[in-house]
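Architecture and fold: a report
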Amino acid sequence: QLVTPQDDGFFTIGVLGGKTESNVGTLWRSAYQLDAAGIFVIGNRYRPESTDVVKARQKIPLVQYPDWNTFCAAAPYDAKWVAIEMGGE
């Protein structure tokens, strides 16, 4: 198991401006595998995709934010943020 349960909190994972809607299915599958409490998308709408092969959407909540400022305003108090950029140009 890659992630052990945390006694003092939770984590969610998300994507900002995903390039394709299939990114959300992959994100959901990753959240399921990592035992995340939820996922979020910023700036994109979601519709079910075939990349969610474990049907994680039935087990893990999705929160959609229209923009970065809305996401920041909704962040839990004193939350630690970790950002990873992959494939940027």
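Residues numbered from 1 in each chain as written. Predicted model: local features only at pLDDT ≥ 70, side-chain atom pairs only at ≥ 80, totals over all residues. Heavy atoms only, no water.

1. With respect to the packing of aromatic side chains
- For the structure shown, the criterion picks out six aromatic pairs.
- Ring centres of Y65 and F71 lie 5.4 Å apart, and the angle between their planes is 75°; this geometry places the pair in the edge-to-face category.
- Through a chain of ring-to-ring contacts, three or more aromatic side chains come together here, namely F40, Y65, W68, F71 and W81. (Phe/Tyr/Trp six-rings, centres within 6.5 Å; stacked < 30°, edge-to-face > 60°.)

2. Considering the environment of K59
- Within the secondary structure, K59 sits in the loop between β2 (38–42) and β3 (62–65).
- Judged by relative accessible area, K59 falls into the partly exposed class, the value being 48%.
- For the pair K59 and W28, spaced 31 residues apart in sequence, the C-alpha to C-alpha distance is 9.5 Å. (Helix = DSSP H or I, 4+ residues; strand = E, 2+ residues; numbered from the N terminus. Buried < 20%, exposed > 50% of the residue type's maximum accessible area, 1.4 Å probe, protein only.)

3. A few points about unusual backbone geometry
- We note that D35 has phi near 65°; this positive angle belongs to a residue other than glycine.
- Inspection of the secondary structure assignment puts D35 in the loop between α1 (22–34) and β2.
- Residue classification places D35 among the exposed positions, given a relative accessible area of 51%.
- Although it is not a glycine, D78 adopts a positive phi angle of roughly 65°.
- If you trace the backbone, D78 turns up in the segment after α2 (68–74).
- Since its relative accessible area comes to 57%, D78 is described here as exposed.

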